[in-house]
Amino acid sequence: MYDRIFTANRAWVAKMLAEDEDFFEDLATDQAPDYLYIGCADSRVPANSIMGLKPGEVFVHRNIANCVPNTDINSHSVIQYAVEALKVKHIIVCGHYGCGGVQAAMQPKDLGLINGWLREIRDVFRLHRAELLDIADETERFKRLVELNVQEQCIHVIKTACVQKSFAATGYPIVHGWVFDLHDGLLRDLNIPFETILDEIREIYRLT
Ligand code: CO
């Protein structure tokens, strides 16, 4: 079972070389992806596969429930590198329905070390409490929290100095909030109304 990974790897190399004999030489030269994808670590949501992108085409950061907590040096380092060194054009925060991290945050339970991480999502719930409590159906409320978590994590991305400076200078990166549906495999753009949200962000979080 474990060894099959190496067999599959050799088959993948052969397939890539059949399509383009210089593929790995080009890959080793440099990376110039246009996209930074911030998604959930869930094994069912593999970034490159769902976007149909090859190695080299997307810079990827994944963690539980696609969070960008304000003091998380990991996600913030990824964003800074993507913006300042790679000069990505788009930053995508992608959540997914059925997210175990979001679901865990909805349960009144001590889960140990992960409590602090999940508090990020509880904060999202508190920010959107009225809307969420208006949704009587548990499944629908869960889905909406997944979407609102994406929205709030996008806002965390926009709060960063490197994103604000780059956007002011070049018009990039553009931030997008998406959600992936495990039931049909489709990506949906949440079309987050940043223009209305941004007024408040500009007022409070402006760094440039
Ligand atoms: Co998840």
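Rules and cut-offs
Residues numbered from 1 in each chain as written. Predicted model: local features only at pLDDT ≥ 70, side-chain atom pairs only at ≥ 80, totals over all residues. Heavy atoms only, no water. Donors = N, O, S within 2.8 Å, 3.2 Å for Na, K, Ca; no water. Buried < 20%, exposed > 50% of the residue type's maximum accessible area, 1.4 Å probe, protein only. Pairing = 2+ DSSP bridges. Helix = DSSP H or I, 4+ residues; strand = E, 2+ residues; numbered from the N terminus. Axes fitted to C-alpha atoms, helices over the stretch in contact; angles between N-to-C directions. Contact = heavy atoms within 4.5 Å. Domains from an automatic or database assignment. Buried area = accessible area lost by both parts, 1.4 Å probe. Salt bridge = Lys/Arg side-chain N within 4 Å of Asp/Glu carboxyl O. Polar contact = N/O pair within 3.5 Å; in protein donor to acceptor, adjacent residues only side chain to side chain.

Q: I tried to follow the coordination of the cobalt ion on my own but got confused; where do I start?
A: A four-donor tetrahedral metal ideally has 109.5 degree angles, and a six-donor octahedral metal ideally has angles of 90 or 180 degrees. At this site the cobalt ion is bound by Cys40 (SG), His96 (NE2) and Cys99 (SG), with donor distances of 2.1 to 2.3 Å. Within one chain, the residues serving as donors to the cobalt ion are arranged as C-x55-H-x2-C. For the residue pair His96 and Cys99, the accessibility class agrees, reading buried in each case.

Q: Can you help me understand the sheet that holds strand S2 (residues 58-63) in this one?
A: Pairing is mixed across the open sheet formed by 5 strands, whose spatial order is S2-S1-S3-S4-S5. Looking at strand neighbours, the two that pair on one side only are S2 and strand S5 (187-189), the edges of this open sheet. Taken pair by pair, the neighbouring strands of this sheet meet at an average axis angle of 25°, ignoring direction. Bridging between strand S4 (residues 174-180) and S5 involves 3 bridges; their strand directions are antiparallel. Residue pairing across strands places Phe180 opposite Leu187, the latter belonging to S5. Where helix H4 (residues 73-85) meets the sheet, its contacts fall on strand S1 (35-40), S2 and strand S3 (90-96), and the angle it forms with S2 comes to roughly 170°.

Q: I tried to follow the domain arrangement of the chain on my own but got confused; where do I start?
A: If you check the domain split of the chain, you get domain 1 (1-30) and domain 2 (31-205). A C-alpha centroid distance of 30 Å is found between domain 1 and domain 2. Each partner contributes to the interface: domain 1 provides 6 residues, whereas domain 2 provides 5 residues. Both faces combined, the contact of domain 1 with domain 2 buries some 380 Å², and carbon together with sulfur accounts for 67% of it. The largest contributions to the domain 1 side of the interface with domain 2 come from Phe23, Leu27 and Asp30, which together make up 70% of the buried area. Counting across the interface, domain 1 meets domain 2 through 0 salt bridges. Across the domain 1-domain 2 interface, the total number found is 0 residue pairs in polar contact (both at pLDDT 80 or more). Among the elements of the structure, helix H1 (4-19) and helix H2 (23-29) are those that each provide at least two residues to the side of domain 1 that touches domain 2.

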